[in-house]
Amino acid sequence: MSSKPVEHLDRVIIRFAGDSGDGIQLTGDRFTSETALLGNDLATLPDFPAEIRAPAGSLPGVSGFQVHFADHDIFTSGDQPNVLVAMNPAALKTNLADVPKGGMVIVNTDAFNERNLQKAGYEASPLSDGSLAGLHVHEVALTSMTVTALKGIEGITSREAERSKNFFALGLMLWLYHRKTEGTLAFIEQKFGNTPSIAEANTRAFKAGYNYGETSEDFAVSYEIAPAHLAPGRYRQITGNGAITCGLIAASRLSGLPLFLGAYPITPASSILEELARHKNFGVTTFQAEDEIAACGAALGASFGGSLGVTTSAGPGVVLKSEMVGLAVMLELPLVILDIQRAGPSTGMPTKPEQADLLLVLFGRNGESPVPVVAASSPSQCFHAAIEAARIAIKYRTPVYLLSDASLANGSEPWLIPDVDALPSIASPFATGPNDGDLFHPYKRDPDTLARPWAVPGTPGLEHRIGGLEKEDVTGGISYDPDNHDAMVRLRARKVANIAADIPDLEVDDPDGGARILVLGWGSTYGPIGAAVRRVRKAGHEVASAHLHYLNPFPRNTGDVLRRYDRVLVPEMNTGQLLKLIRAEFLVDAVGYNRVRGLPFRSSELAETITALVER
């Protein structure tokens, strides 16, 4: 137990920042894990450069990890860090503007040499020129103290010892915020146990950092944040991509179909392929294709063969998959396409989030080819979104897009693990015999869903033709008849439109029912909007909010909800894509709040915008 005074806080936002080789993501992830074990509600935002290895000490090479934890429910990873841990001058320079007055800054003084200062563009050291006035600065010789702590470990040179400084910083921060150490010590042994000298080095550095916090006069107090009052149950920390992985496996089990993933590695979707490849024991087949088109084609072929076909990508890869998705529309077979959006166009900013693929997935194919679109709203909600996308694809024999983005994919939060036995079945039977006397018609439709039968190749008597040419209604033969083409185009569109009867109504959060302003969001804006609405209400204003998880078709009551309010605000990380759809579809004079900075919205900026509308 610490002998120093302890201050109790209700929430803290910490940002770790350093060179991309400093182990910042590992440090942040371990701090998050220890925080989750204590029962705090939390949200994280990893932020790393797109370059595989940017020049050491450079501004483009700075990697960051922000974690927001509290004794109450929270919506986002936080606007501004209360604490910045800067491992070098570049990390300080790129993040200092976000630290509010009175915030704490912990700097690794060993890195503030002339060479590193020049790389970061400093003419003089910010530690001595007064530029950090108004902040609580703790100057800690992280590197040299780590090297000293590791002396005598056989096989560890001074340069190698420096690499353990992230564990020194982690130990210090765990002491400062009363986090436990057992989990991290076990992690070090598990991860580095095959190299005993490395394991010992990281363990010593970690303990040295923890002990430094306890013994140093520079840290007069430590801080404690009580556990949050979360719903009872078993929790785990999960990222958005991790939740999608679990959701796809669950969908496979709930549908009774083997899961096939065809993918080509692309940031920020690659971890879904990597994680699913570890779960072959659940009947999962993963295929890393030579390109995006082949990945999508393989997934569609797997669906034709009776599997749950899934393909993953980000914007640049989704563009390439579009022809194959059009084929899936024509074949009317299940296919789930995951678009983990990132900033574009072209290569853009591969590690940064954006919401600019909405119009692409809705209209980015030739011909009249409507497809359902589902959007996830938080890291943990990605689990349910994946199951729902699979359910719609299987039941209605259609490709379905599931939209996520880089902030959801890499961000994490506590996830209440559901009761698997309570999840409803999404099974849909295969065709087993003729459906019109002695004949099998592959395009004879279910009267309720308008879905065609799913006949697995090799089923006796159910042989049928497939391909990209237009199908004759009912028989599935090739047809160039104008009236048949018109009828088939409208049938496929009506099938998708009718899904609106099979999804929940749009829910509105309007506690007193007296709000005049509605904030409408989709995707990862869910957290910032929720936090902003909470702020505005706390200030005494009435405001309503709603969040769309279904973007094609829209929930049936969407128009009624929108027309209920005097003004509708649509915040998006694009230049107004949902806004265009809302205005066109429902003739509502909605207004947008649009930023495309490669960063999630801050709840404070949304709160200011909402307040201005309310007071207008």
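The coordinates are above.
Everything numeric in this text was worked out from a predicted model, so none of it was measured.

## Describing the overall build of the protein chain
In terms of helices and strands, the protein chain carries 20 helices and 22 strands. For the protein chain, whose C-alpha radius of gyration is 27 Å, the value lies close to the compact-globule estimate of 25 Å for 616 residues. Projected onto its principal axes, the C-alpha positions of the protein chain cover 85 × 65 × 45 Å. Relative to all contacts within the protein chain whose residues are 6 or more apart in sequence, the contacts with residues 24 or more apart total 77%. Entry remark: accessible area of the protein chain is about 26000 Å², with carbon and sulfur atoms responsible for 52%. One finds the centroid of the 54 positive side-chain charges in the protein chain at a distance of 1 Å from the centroid of its 70 negative side-chain charges.

## Overview of helix 6 (residues 165-176)
Helix length check: helix 6 (12 residues) gives 17 Å between terminal C-alpha atoms against 16 Å at 1.5 Å per residue, within 8%. Buried residues dominate helix 6, accounting for 12 of its 12 residues. Looking at the residues trailing helix 6, positive phi occurs at His 178, about 55 degrees.

## A few points about the sheet that holds strand 15 (residues 399-405)
The mixed open sheet is built from seven strands, whose spatial order is 11-10-12-13-15-14-20. Each edge of the open sheet carries a strand with a single partner, namely strand 11 (284-288) and strand 20 (550-552). Strand after strand, the sheet turns through a mean of 20 degrees between neighbouring axes, direction not considered. Note: strand 10 (residues 259-263) against strand 12 (residues 308-313), five bridges, orientation parallel. Bridging across to strand 12, Phe 260 finds its partner in Gly 309. Lying over the sheet, helix 11 (residues 292-304) contacts strand 10, strand 11, strand 12 and strand 13 (335-341), oriented at roughly 165 degrees with respect to strand 12.

## Side note on the pattern of salt bridges
Under the definition given, this model contains 20 salt bridges. Glu 388 is the partner of Arg 391 in a salt bridge, and the nearest nitrogen-oxygen pair spans 2.8 Å. One end of the pair is Arg 391 and the other is Glu 388, both in helix 14 (residues 381-396) and three residues apart, which spans about a single turn. The same class applies to Arg 391 and to Glu 388, which are both buried. Three or more residues are tied together by salt bridges with common partners; here these are Glu 388, Arg 391, Lys 395 and Asp 502.

## Quick notes on unusual backbone geometry
Here the bond from Thr 267 into Pro 268 is cis, since omega is 5 degrees, no more than 30 degrees from zero. Here Pro 268 is to be found in the loop between strand 10 and helix 10 (270-276). Backbone geometry at Arg 397 places phi at a positive 50 degrees, although glycine is not the residue there. Of note, Arg 397 is situated in the loop between helix 14 and strand 15.

## Points about a nonpolar patch on the surface
A surface patch of nonpolar side chains, amounting to about 350 Å² of accessible area, comprises Leu 469, Ile 478 and Tyr 480. Of the residues examined, Ile 478 reaches a relative accessible area of 41% and is grouped as partly exposed.

## Some thoughts on the pairing of strand 7 (residues 136-140)
One ladder, built from five bridges, connects strand 6 (residues 104-108) with strand 7; its direction is parallel. Of the residues in strand 7, the one forming a bridge with Met 104 is His 136. With respect to chirality, the unit in which strand 6 leads through helix 3 (residues 114-119) into the neighbouring parallel strand 7 is right-handed.

## Considerations on the sheet that holds strand 18 (residues 517-522)
What the five strands build is an open sheet, ordered 17-19-18-21-22; its pairing is mixed. Lying at the two open borders of the sheet, with one neighbouring strand each, are strand 17 (508-509) and strand 22 (591-594). Taken together, the five bridges between strand 18 and strand 19 (residues 544-548) define a ladder with parallel strand orientation. Within strand 19, the residue paired with Trp 522 across the bridge is Leu 548. Sheet strands touched by helix 17 (residues 526-538): strand 17, strand 18, strand 19 and strand 21 (567-572). Its angle to strand 19, the strand with the most contacts, is close to 175 degrees. Contacts from helix 19 (residues 577-586) reach strand 18, strand 19, strand 21 and strand 22 within the one sheet, and its direction differs from that of strand 21 by about 150 degrees.

## Brief notes about helix 4 (residues 142-149)
Those residues of helix 4 that fall on the buried side of the exposure criterion are Leu 142, Thr 143, Thr 146 and Val 147. End-on, the buried residues of helix 4 take up no more than an arc of 125 degrees, which puts them together on one face. Those residues of helix 4 hidden inside the fold are in contact with strand 6, strand 7, helix 5 (158-162), helix 6 and helix 8 (196-215).

## Comments concerning the packing of helix 6 against helix 8
Running from N to C, helix 6 and helix 8 point in directions that differ by 40 degrees, and their axes come no closer than 7 Å. By the angle class used here, helix 6 and helix 8 are oblique. Like other packed secondary-structure pairs, helix 6 and helix 8 cross with a definite hand, here right-handed. Every residue of helix 8 that contacts helix 6 at Phe 167, Phe 168, Leu 170, Gly 171, Leu 172, Leu 174 and Trp 175 is listed here: Asn 202, Ala 205, Phe 206, Ala 208, Gly 209, Tyr 210, Tyr 212, Gly 213 and Glu 214. Tallied by class, residues from the contact of helix 6 with helix 8 come to 11 nonpolar, four polar and one charged.

## A short note on the packing of helix 7 (residues 182-192) against helix 8
Packing of helix 7 against helix 8 brings their axes to within 8 Å, and their N-to-C directions diverge by 160 degrees. Classed by the angle they form, the pair helix 7 and helix 8 counts as roughly antiparallel. Judged by the twist between their axes, the crossing of helix 7 over helix 8 is right-handed. Residues Thr 184, Leu 185, Ile 188, Glu 189 and Phe 192 of helix 7 touch helix 8, and the partners they reach there are Pro 196, Ile 198, Ala 199, Asn 202, Thr 203, Phe 206 and Lys 207. A per-class count over the contact of helix 7 with helix 8 returns seven nonpolar, three polar and two charged.

## Focus on the environment of Ile 74
As for its position among the elements, Ile 74 is in the loop between strand 4 (62-70) and strand 5 (83-86). C-alpha of Ile 74 to C-alpha of Pro 453: the two residues are 379 residues apart in sequence and 45 Å apart in space. Ignoring any residue separated from it by four or fewer positions in sequence, one finds Ile 74 in contact with Asp 41, Leu 42, Ala 43, His 68 and Phe 69.

## Focus on the packing of aromatic side chains
Inspection of the entire model under this criterion finds 12 aromatic pairs. Relative to Phe 287, the ring of Phe 260 has its centre 6.4 Å away and its plane inclined at 35 degrees; by these criteria the two rings are tilted. Residue Phe 260 is found in strand 10, and its partner Phe 287 is found in strand 11; the two are separated by 27 residues along the sequence. For Phe 260, a relative accessible area of 14% gives the class buried. The partly exposed category is assigned to Phe 287, whose relative accessible area is 33%. Put simply, the rings of Phe 16, Phe 31, Phe 69, Tyr 177 and Tyr 223 touch in pairs and so form one group of aromatic residues. Above the plane of the ring of Tyr 122 lies Lys 93, whose end atom (NZ or CZ) is 5.1 Å from the centre. Here Arg 452 stacks its cationic end above the ring of Tyr 443, 4.7 Å away from the centre of that ring.

Rules used throughout
Residues numbered from 1 in each chain as written. Predicted model: local features only at pLDDT ≥ 70, side-chain atom pairs only at ≥ 80, totals over all residues. Heavy atoms only, no water. Helix = DSSP H or I, 4+ residues; strand = E, 2+ residues; numbered from the N terminus. Rg over C-alpha atoms; globule rule 2.2 N^0.38 Å. Contact = heavy atoms within 4.5 Å. Areas by Shrake-Rupley, 256 points an atom, 1.4 Å probe, with all protein chains shown as cover. Lys, Arg positive; Asp, Glu negative; His and termini not counted. Charge placed at Lys NZ, Arg CZ, Asp CG, Glu CD. Expected span 1.5 Å × (residues − 1). Buried < 20%, exposed > 50% of the residue type's maximum accessible area, 1.4 Å probe, protein only. Pairing = 2+ DSSP bridges. Axes fitted to C-alpha atoms, helices over the stretch in contact; angles between N-to-C directions. Salt bridge = Lys/Arg side-chain N within 4 Å of Asp/Glu carboxyl O. Patch = residues over 30% accessible without salt bridge, like charges linked within 9 Å, V, L, I, M, F, W, Y side chains within 5 Å. Right-handed = clockwise from strand over helix to strand, strands pointing away. Arc of directions from axis to C-beta. Parallel < 35°, antiparallel > 145°, perpendicular 65-115°, else oblique. Left-handed = near helix turned anticlockwise from the far one by under 90°. Nonpolar A, V, L, I, M, F, W, Y, C, P; charged D, E, K, R; others polar. Phe/Tyr/Trp six-rings, centres within 6.5 Å; stacked < 30°, edge-to-face > 60°. Lys NZ or Arg CZ within 6 Å of the ring centre and 35° of its normal.

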